[in-house]
Each structure stands twice: as structure tokens, then as C-alpha cells.
Amino acid sequence: MCVLSLVACSRGGRSERGQSGRRPSTTQTRPPRSKPVETQPAKTNERPKIVAQTPNNGEMTGADIFAKYNTAVFTVFTQDNYYTHQGSGFFISSDGLAVSNYHVFKGTHKGKAQIKTSDGKYIDVGDVVAYSDDDDIFIFRVQASGTTFNCIPISNKGVRVGEKAYAIGSPLGLENTFSSGEISQIRKGYIQISVPIDHGSSGGVLLNAYGEAIGITTAGRDDSGANLNFAVDIQVLKKYIDIR
């Protein structure tokens, strides 16, 4: 199955998911070698509850989706002993609950991760609420008390092959890049898409035509000659948080 030969978009070195395809990029800056790398970030016992937002009325244009949800997407920066790595993420509640891919954070320093919002502000990653290497999801809160964040509603609709899909992320560090395509296939927890993504897009949002999050952009293939890209199905979040 092709998902097993994926290589993740935003990390240095080869992914555990395979030996061919996309080679992740890194930012070649060296942080101080100050403390051991945290291979498993601490997580809280909290099971957060979020109230599903009122869905948008009818389908939206790509331009309207970007205008409404661009500020809910951010760039992620993490560090290991050697490099700073860059990925993407997005808010799923207005109190700072956010989601990204686990492989963006795996093997990096606890307490060194930051996000950069669309208006250029840097905010520290706070409590890790839940994570899964198998599902490749990482749920956390940012340290910004009293701040209300724009957030993206999580879809309760099923996804269908052939429907329009949109992505917002930071491929190659180009912050909050918008792209569009179609859902190509559904593959056991992954959504195969023709939406262009690249190194650094990992953890970004995949949206449907109603402006709802349907996936977390995760990986792609460089060696296929086609747009073979993948997102984690957003429904996996329901294993870790209560969505009401």
C-alpha cells in the first residue's frame, strides 16, 4: 500500500514510514547543545472538550476560505541538538487548542517549540494535551492567556473522492501558502489528495468546500511524477478530544 512508502514533509532524515519518496527539509541553524533531546514529550491527563462551531452556510470559494481561516493557521519551529525544524499547525478552538503532526515534534527539545502566527507573533508551545506516533497527531495549547484565536471548525461530513479540497500551510517556509485540488482516494485513515503540498506543510490544514477541517496535511511522494500527497483524516482527533 502506497501510504507505507511515504516520507514525512518537514523533518530531517528519513521517516519511519519508508525509505523512498520525499526527503524532508530542515532549516540549517544549530541551537545550543544544552540538554538531552526529549524523544517522548510529556502529555497531560486532560481530555479537552471543544464545542463544534456553527458550520458555514453552503459552499465557499477558495478566496473566501483563505480570507476567513488564514489567521487560524501558523508555522511551527522545533529544535533538536543539531537543527531547527519547520512545520505547520492550526487552531481548533478559540482558547489556543491546536493541532499538528507528531513527526514535526518527535525527537525535539521539550520547551523549545514555538509557533509563528500569520501576523508575525512568536508564541511558545505550552501543555501537550495528546499525541500519537501511530496516528501522527500532536494536540497542544499555546502559552497566551487571555488571547482569543481564530479557529477552524472540524467537519462532521464524510469526505468523498472527487470533491474539492484546499490546504493552508508553510511549504519550504513560505508561510500560510494556499493551494487547491481534489480528494483522490481514501486509504485507511489517510486522505489521498492532488492538493500541492511540500516540505514544511506537515501539520497544516486540509479543508473542504465549506471551510471545515477534514485533514492534517502530512506527506507526499517526490518520485512518482504526480501529485501524490496525503493528509491524516481529521476524524482521528475524536479519539483524543471530545467534540460537541
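Note that the coordinates shown come from a computational prediction; the quantities given were computed from them, not determined experimentally.

Student: Before we go on, may I ask you to explain the overall build of the chain in this structure?
Tutor: Across its full length, the chain carries two helices and 15 strands. Of all 244 residues assigned to the chain, the portion counted as buried reaches 53%. For the chain, the proportion of contacts with a sequence separation of at least 24, taken over those separated by at least 6, is 67%. Per element, the accessible surface of the chain, about 10,900 Å² overall, is 48% carbon and sulfur.

Student: Just checking my understanding: could you explain the pairing of strand β9 (residues 164–169) for this structure?
Tutor: It is a general feature of regular strands that their side chains alternate between the two faces of the sheet. Burial runs high along β9: five of the six residues are buried. As defined by bridge partners, β9 adjoins strand β10 (residues 177–187) across six bridges and the pair is classed as antiparallel. Looking at the pairing, alanine 165 lines up with glycine 181 of β10. In this sheet, strand β12 (residues 205–207) lies alongside β9 in antiparallel orientation, the contact comprising three bridges. Residue pairing for β12: isoleucine 168 is matched across the bridge by valine 205.

Student: Can you walk me through the confidence of the model for the chain in this structure?
Tutor: Note that predicted coordinates carrying low pLDDT should not be read in detail. Per-residue pLDDT for the chain has a mean of 82; in total, 76% of the residues score no lower than 70. Within the model, the stretch residues 1–9 combines pLDDT values under 50 with 52 contacts to residues more than four positions away or in other chains.

Student: Looking at this model, I keep getting lost on the packing of aromatic side chains. Mind explaining?
Tutor: Geometrically, a pair of aromatic rings is defined through the distance of the ring centres and the angle of the planes. In the structure shown here, the tally under the stated rule is eleven aromatic pairs. On the numbers, 5.6 Å between centres and 20° between planes, the contact of tyrosine 102 with tyrosine 131 is stacked. Placement of the pair is tyrosine 102 in helix α2 (residues 102–105) and tyrosine 131 in strand β7 (residues 122–132), with a sequence separation of 29 residues. Taken together, the ring pairs in this structure connect Phe74, Phe91, Tyr102, Phe105, Tyr131, Phe138, Phe140 and Phe149 into an aromatic cluster.

Student: Looking at this structure, I do not really get the side chain of serine 170. What am I missing?
Tutor: On the secondary structure map, serine 170 appears in the loop between β9 and β10. Reaching out from serine 170, the side chain makes a polar contact with the side chain of threonine 75 at a distance of 2.8 Å.

Student: What is the right way to read helix α1 (residues 62–69) from this model?
Tutor: Residue pairs three or four apart in sequence face the same way in an α-helix, which turns once every 3.6 residues. The complete set of buried residues in α1 reads Gly62, Ile65 and Tyr69. Along the axis of α1, the buried residues cluster in a sector spanning 60°; they form a single face. Turned more than 90 degrees away from the buried face of α1, the exposed residues are Ala63 and Ala67.

Student: Honestly, unusual backbone geometry in this entry has me stumped. Any pointers?
Tutor: For residues besides glycine, phi is generally negative; the peptide bonds are generally trans as well. A positive phi angle, near 50°, is found at asparagine 176, a position not held by glycine. Relative to the assigned elements, asparagine 176 resides in the loop between β9 and β10. Even without being a glycine, lysine 188 presents a positive backbone phi close to 50°. Locating lysine 188 in the fold gives a position in the loop between β10 and β11 (190–193). For lysine 188, a relative accessible area of 76% gives the class exposed.

Student: Quick question: what am I supposed to make of the environment of leucine 207 here?
Tutor: Summarising the element assignment, leucine 207 is placed in strand β12. The buried category is assigned to leucine 207, whose relative accessible area is 0%. Spatially, the C-alpha atom of leucine 207 lies 9.4 Å from that of serine 180, the residues being 27 residues apart in sequence.

About the thresholds
- Residues numbered from 1 in each chain as written.
- Predicted model: local features only at pLDDT ≥ 70, side-chain atom pairs only at ≥ 80, totals over all residues.
- Heavy atoms only, no water.
- Helix = DSSP H or I, 4+ residues; strand = E, 2+ residues; numbered from the N terminus.
- Buried < 20%, exposed > 50% of the residue type's maximum accessible area, 1.4 Å probe, protein only.
- Contact = heavy atoms within 4.5 Å.
- Areas by Shrake-Rupley, 256 points an atom, 1.4 Å probe, with all protein chains shown as cover.
- Pairing = 2+ DSSP bridges.
- pLDDT = per-residue confidence, 0-100.
- Phe/Tyr/Trp six-rings, centres within 6.5 Å; stacked < 30°, edge-to-face > 60°.
- Polar contact = N/O pair within 3.5 Å; in protein donor to acceptor, adjacent residues only side chain to side chain.
- Arc of directions from axis to C-beta.

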